[in-house]
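# Inside the fold
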Amino acid sequence: MKRKKKISSIHTENWSKRAAAINDVDSLVYGKSYLSVYSQIYSISGEKTQNLTAMVSLRNVSETDTIYVLKADYYDTHGKSIRRYFEHPIYLAPLETTEIIIDQLDIYGGTGSNFIFEWKIPQNAPEPLFEGIMTSILGINGLSFTTEARRLE
């Protein structure tokens, strides 16, 4: 009997170590960002796909301020929710980065998967940077490309 491979994207980080309590009276600026991520891309034709590994990078670009990510929600090609990565706000210290890894075997997102991030930052702090880095190696050929989030609110 074959053992099913554990998909690492579900438990890649202990988010509870980053838990942050945010006071509602704090004068933080709210934002929401959209990031396209690709679990698969079409290869050769519209009938053949190639699986990709995706690294979703959450970056605090401020040199002085801690920022907060309230939600990181992952959706598939059809807009159906796949998973929420943490149930409480997390913090990112100045210039800190954390990642979410979507395994090459984790193809639940399909060819049009995406993230919605909600965040809060101190007034006048730079907005967080959310990037997707997709990679794949097939034989001796390598493929990689990036996406960058767009602010919705």
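What you see is a predicted model, and the numbers here were worked out from it, not measured in a lab. (Residues numbered from 1 in each chain as written. Predicted model: local features only at pLDDT ≥ 70, side-chain atom pairs only at ≥ 80, totals over all residues. Heavy atoms only, no water.)

With that settled, the discussion passes to the side chain of Asn114. Counting through the fold element by element, Asn114 comes out in strand S9 (residues 114–122). Asn114 sits in the buried class, given a relative accessible area of 11%. At 3.1 Å, the side chain of Asn114 and the backbone oxygen of Gly112 are in polar contact. With sequence-adjacent residues up to four places away left out, Asn114 is seen in contact with Tyr34, Leu35, Ser36, Val37, Asp73, Tyr74, Tyr75 and Asp76. (Helix = DSSP H or I, 4+ residues; strand = E, 2+ residues; numbered from the N terminus. Buried < 20%, exposed > 50% of the residue type's maximum accessible area, 1.4 Å probe, protein only. Polar contact = N/O pair within 3.5 Å; in protein donor to acceptor, adjacent residues only side chain to side chain. Contact = heavy atoms within 4.5 Å.)

Take the confidence of the model for the protein chain next. For the protein chain, mean pLDDT is 90; residues scoring 70 or higher make up 91% of the total. Put simply, strand S3 (residues 45–51) is where the protein chain has its lowest mean pLDDT, 85, and strand S12 (residues 150–151) is where it has its highest, 98. (pLDDT = per-residue confidence, 0-100.)

Looking at the element boundaries, Gln50 is found in strand S3. Residue classification places Gln50 among the buried positions, given a relative accessible area of 16%. There is a polar contact of 2.8 Å between the side chain of Gln50 and the side chain of Ser136. When neighbours within four sequence positions are excluded, Gln50 is seen to be in contact with Ser39, Gln40, Ile41, Ser43, Ser136, Leu138 and Leu143.

Next up on the list: the pairing of strand S6 (residues 81–84). Two elements, strand S5 (residues 67–75) and S6, share three bridges in a ladder whose sense is antiparallel. Bridged to Asp73 within S6 is Arg84. From the end of S5 to the start of S6, which pair antiparallel, there are five residues, and Gly79 there has a positive phi angle of about 85°. (Pairing = 2+ DSSP bridges.)

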